[in-house]
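Residue-level listing of the chains:
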Amino acid sequence: MLRVLNSEERPVRMGLAAGAFALLLACLLYNIYIVLANPNPGITYDARWEVTVIEDCDANTQLCPDDGDLQLHDRLVQVGGVSFDDYVENPNLIPFGGYGSGDVVHLTVLRDGQTMEVEWPMRPVEPATVARFVIISLLVYGAFWLAGTFVLLYMRPADLTWTLLIALFYLITIWLAVGLPASTNVAQSAHLLRIISWLMVPVMIHLHLIAPGALVSGHRRVLLPTLYLPAAMLLALQVTGVLPWFAYLGGILVAAVIGVGLLLLRLMTPRAPFEKLTARLMLVGIVLAFAPGLILSAVPLILDLGTSDIVGAVLSILALPMLPLFYTYAIYKHQLGLREHRVNRLLVQYTLFLLYLILLALVFVIMTYWIETAGEIQAMLALLLLAVFFALLPVRRPVQAVVDRLAYGTRYSRREILAEFAERIPTAVNRQDLVRLLKYELAPELEIRQSALFIRHDSSVSTVYWQGVGPDDGPRTWDETQAILDDADNLRLSYASRAELVNGRLNWIRLVVPLRVQGRPTGAWFFGRRESDSIYSQDDVDLLERLAGLVAITIESGGLFDALSRELSTREEAEARLAGQSKRLALLHEIDRAILAAGSPVEIADAAIAGVCHLLPCSRASVFLFESDKAATDRIGGAVVQGKLRVLAAQGSGTSIIAKDDTIPLTALPAHKALLQGRRFVSDDVQELVANSETASTMAPSGIRAVVSVPLMASGRVFGALSVANDEPNSYRSSHIAVVEEVATSVALAIHNARLRDAVNKNSRELQKLSARLITAQETERKRLSHELHDEMGQILTAISLSLASIERNLSPDGNDPLYGRLADANSLVNGLSDQVRSLSLELRPAMLHDLGLASTLRWYAGNYAKRRDTRIHFEIEDISGRLPENVEITAYRVVQEALTNTDRHAQASQVELHVVQNNGQIEITVEDDGCGFDPDFVLDGESVGSGIGLMMMRQRISALDGSLVVRSKPSEGTCIQATIPCGEIG
């Protein structure tokens, strides 16, 4: 039977659910029948016939009693012909039985020790009364039915504890459903109450004997069923009337005392931690279920404030569910799996709610004793609600801590542990230190008995440590580990998930915590049984997650530390080489900077050998340049080589050191053949080479042994050599030779560039001189041509004009001679030619420039320019006082002339601005037009064929006088030419 119940088959579950709901429906129908079958006197009374509720009466629809006929807490002595003693002795008697709606019942009432007679009218049964009674009944026994149904459908395994717990909850459900109307004796409710009570007694005692953990072991377990025999006998005696009517209450009380005593026995005797924790939770459920009703009943009596049955009854109903909640949670906490955390939080919230209501009710009961009006009571109640609400907010965490202490047996402070281990874990970079910290300090502190830590290595895993399990009780691959992580919900593994783990090998795992570094999975931390329980609270999970993050980072850092340790020796060597290389590069950089900063080849050579001697072991260093000498020849590689060596720079010591600017035959250098072929020369001991050469031996400084010579090359031609030497043989390694080659390359390039620069500067100076001479010659020739045109050609044209005039006078005066027309044409041609000669003479060299000066000449030229062209010209000249040097005036005139000529030829301008001013000892000329413009860079760089000659001539003229020329122009935006010419000494 138990095997069938433990199965997951759908028909079995459906059958269990159907039975549970059939029980609930039966209780509801029984309650409805009782209300409908019970005569309605409009009052509610308890088992002692004390009036607890008097319903309001509607005089329009009902026969109402007089005010004061019946009051709360009155005791009914006799109802009609039925006395209270008869009712107690005969459970078949029904008070108010036989009376219908509208009938008047004669009541005998006991009030304050006095007996009085009351005529009480009966009332009809209202639907609201039925609904109210059913709802109240459902609230009373509904929690027990829900708890029993939850265990029935969801809790496994279905063993004896499971059976007894369900039976107890369902018996309490029936007992409460029957017990609420038992005082009326309707539908045999009194008989049923006694029967259910005696059935509950052995079940309650039996359950507390085996849960949590059996108190009766071995062969004595067979005696447990005998508990039901005395209960059956007592039940029979109760039904036959042998026992008094209240005997069943004694049986319930005895069973409750035994149950509580068994729970206390487990706490006071050495038991398993889990068993003690479960017993503690069950006791807390009993206290919370019954304490509110007892408190709200006892406090008013102690303070003599009267009683408040309604408030006490309501709180008793609200507190009653704590019993099934705590019992279910305590017994099946380790099987709740993923539900455990939610149930724990539900208990905390419900406990806080209950404490809130108890405190509010106590204050309300006490305050209402001194307050009379309803308005004051409502205002006070609103203030109490706010005050108590805010007063209880700070106690939420303490209550949670208490429940966690009860539920998990937690003795540690999460905050303290996190602070302590968060400080210590990062320092445990050594794996042994980390294992010691986690396994022997953290796990015992958290009462963890089983745990293991695994680290990912691509597709495999390795174990950092294991505790309480074997080395084979863990995942073998990362895929297997990932499957466990994926199967967990909120990091916890359900009971079903644990049962399905690989061949039971991993079913010890209760909690899985992934290890991640920057979101990347690096391992997993598994946790199993604990000292007190196998359930991990949310605080435990949060704590372990935080610690797992620190552990992941620590392990990652430890791995990096191990890798760094393994590479330390290699790294040190690499760093040493890098430091040497850095030093070499820094010195080479300094040498290059010194070489670049040097100007002449001598300065370049001095900077190079100074750096080389600082960088390398060096007793002597020198730079040689090859010079041709037709007197000495040598054949090398089929080519005839002539020349000598000239020492450009030298540094070092030795008795035969060659001084700067000394020259020696090329053949006297032992390395000359290799150098002339563009190859380096290296000798570990040069004395072996020079021993047979008298010239070489005299040149070699005393003590010099190791030599390195590197050719200086540019454009594929060898023009010198850099040589270093030391007084110790075998002084130069390959790195030293590389340094000499690098320096030699820089020296060769710098010397070659210096030579080119000197040549360019020399050519530039020659060109500048030539340009100045050309300009002077040009001006002289222009002056000569202008003089010849003005003086000689002008005189000839004048003579021709006079001859023509003489001829004209000798003609007949009547004017009919045909030569008159020809003479007129000749005179016109002569006059035109005279104007052209005069204009050409002025263009070449205006005489007024010498006679009147620059200002007058420019005014004449600008006016003449405007007359002969359509372009408007605006001319301004100012502050030119006295005469300027002739070359300054000629240059200024030529600049204006060339600028206006270019404007006329190329600009297509409609307007020209010409400004000439003398300022700070110099002439400033500005010519600006609104023409088509051009690209100055394109024209002045000579890329435009056939153009730019005029601008280049302007620039040469101005440069000859140390002036400056600025040309600003863009296509379609006009042109502006600004020239500045120093005046020199003004005459």
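Up top is the structure these notes are about.
What counts and what doesn't
- Residues numbered from 1 in each chain as written.
- Predicted model: local features only at pLDDT ≥ 70, side-chain atom pairs only at ≥ 80, totals over all residues.
- Heavy atoms only, no water.
- Core = buried A, V, L, I, M, F, W, Y, C linked by side-chain atoms within 4.5 Å.
- Buried < 20%, exposed > 50% of the residue type's maximum accessible area, 1.4 Å probe, protein only.
- Helix = DSSP H or I, 4+ residues; strand = E, 2+ residues; numbered from the N terminus.
- Pairing = 2+ DSSP bridges.
- Patch = residues over 30% accessible without salt bridge, like charges linked within 9 Å, V, L, I, M, F, W, Y side chains within 5 Å.
- Areas by Shrake-Rupley, 256 points an atom, 1.4 Å probe, with all protein chains shown as cover.
- Salt bridge = Lys/Arg side-chain N within 4 Å of Asp/Glu carboxyl O.
- Axes fitted to C-alpha atoms, helices over the stretch in contact; angles between N-to-C directions.
- Parallel < 35°, antiparallel > 145°, perpendicular 65-115°, else oblique.
- Left-handed = near helix turned anticlockwise from the far one by under 90°.
- Contact = heavy atoms within 4.5 Å.
- Nonpolar A, V, L, I, M, F, W, Y, C, P; charged D, E, K, R; others polar.

Participant: Please set out the nonpolar core residue by residue, giving values where relevant.
Facilitator: Among the nonpolar cores identified, the biggest contains 82 residues, and L152, W162, L165 and Y327 are the most heavily contacted of them. The element best represented in this core is helix α5 (residues 160-179), accounting for 12 residues.

Participant: Talk me through the pairing of strand β6 (residues 114-121); I want residue IDs and the actual numbers.
Facilitator: Where strand β5 (residues 104-111) lies against β6, 8 bridges are found, and the strand directions are antiparallel. Each residue of the ladder has a partner; that of H106, found in β6, is E119. What sits between β5 and β6 in their antiparallel hairpin is a turn of 2 residues, with D112 showing a positive phi close to 55°.

Participant: Tell me about unusual backbone geometry, residues and numbers included.
Facilitator: Working note: non-glycine residues mostly have negative phi, and peptide bonds are mostly trans. Each neighbour pair has its own omega, and for A211 with P212 the value is 0°, a cis peptide bond. You can see P212 is positioned in the loop between α6 (189-210) and α7 (228-240). The phi angle at D458 is positive, at roughly 55°, despite the residue not being glycine. Considering the arrangement of structural elements, one finds D458 in the loop between β7 (451-457) and β8 (460-467). Looking at D458, the relative accessible area reads 68%, which means it is exposed.

Participant: Could you give an account of a nonpolar patch on the surface, with specific residues and numbers?
Facilitator: On the surface, a nonpolar cluster with roughly 420 Å² of combined accessible area is contributed by L25, L29, I32, L36 and V125. Looking at the secondary structure, you find L29 in helix α2 (residues 10-37).

Participant: Could you give me a rundown of the packing of helix α4 (residues 127-154) against α5, with the residues and numbers involved?
Facilitator: Each packed pair of helices is defined by two parameters, the angle between the axes and the distance between the axes. At a minimum axis separation of 8 Å, α4 and α5 run at an interaxial angle of 160°. The orientation of α4 relative to α5 falls into the category roughly antiparallel. In the packing of α4 onto α5, the handedness of the crossing is left-handed. Residues V140, Y141, F144, W145, A147, G148, T149, V151 and L152 of α4 touch α5, and the partners they reach there are W162, L165, I166, F169, Y170, I172, T173, L176 and A177. In terms of residue class, the contact of α4 with α5 is built from 15 nonpolar, 3 polar and no charged.

Participant: Explain the sheet that holds strand β9 (residues 511-517) to me, using residue names and the numbers behind them.
Facilitator: Backbone-to-backbone hydrogen bonds join strands into a sheet, with any given pair of strands oriented parallel or antiparallel. Here we have 4 strands laid out as an open sheet, ordered β8-β7-β10-β9, and antiparallel in their pairing. Each of the sheet's edge strands pairs with one partner strand only, and the pair in question is β8 and β9. Neighbour-to-neighbour, the strand axes of the sheet open up by a mean angle of 20°, direction not taken into account. Of the strands in this sheet, β7, β8 and β10 (520-527) are in contact with helix α16 (residues 431-445), which crosses β8 at around 50°. Contacts from helix α17 (residues 478-487) reach β7, β8, β9 and β10 within the one sheet, and its direction differs from that of β10 by about 70°.

Participant: Now, about the pairing of strand β20 (residues 911-919): what can you tell me, with residues and values included?
Facilitator: Where burial is concerned, the two faces of β20 differ: the one with V912, L914, V916 and Q918 is buried and the one with Q911, E913, H915, V917 and N919 is not. Bridging between strand β19 (residues 872-878) and β20 involves 7 bridges; their strand directions are parallel. From the neighbouring strand, R872 faces β20, where its bridge partner is Q911. The hairpin formed by β20 and strand β21 (residues 922-929) contains 2 residues between the paired strands, and N920 there has a positive phi angle of roughly 55°.

Participant: Could you give an account of the pattern of salt bridges, naming the residues involved and the relevant values?
Facilitator: Using the criterion set out here, one finds 5 salt bridges in the structure. The closest approach of N and O atoms between R111 and D74, which form a salt bridge, is 2.8 Å. Here R111, found in strand β5, pairs with D74, found in the loop between β2 (51-54) and β3 (75-79); they are 37 residues apart in sequence, far enough to count as distant. Owing to a relative accessible area of 17%, R111 belongs among the buried residues under this scheme. Note on D74: relative accessible area 2%, which makes it buried. A salt bridge links R266 to E275, with the nearest nitrogen and oxygen atoms 3.1 Å apart.

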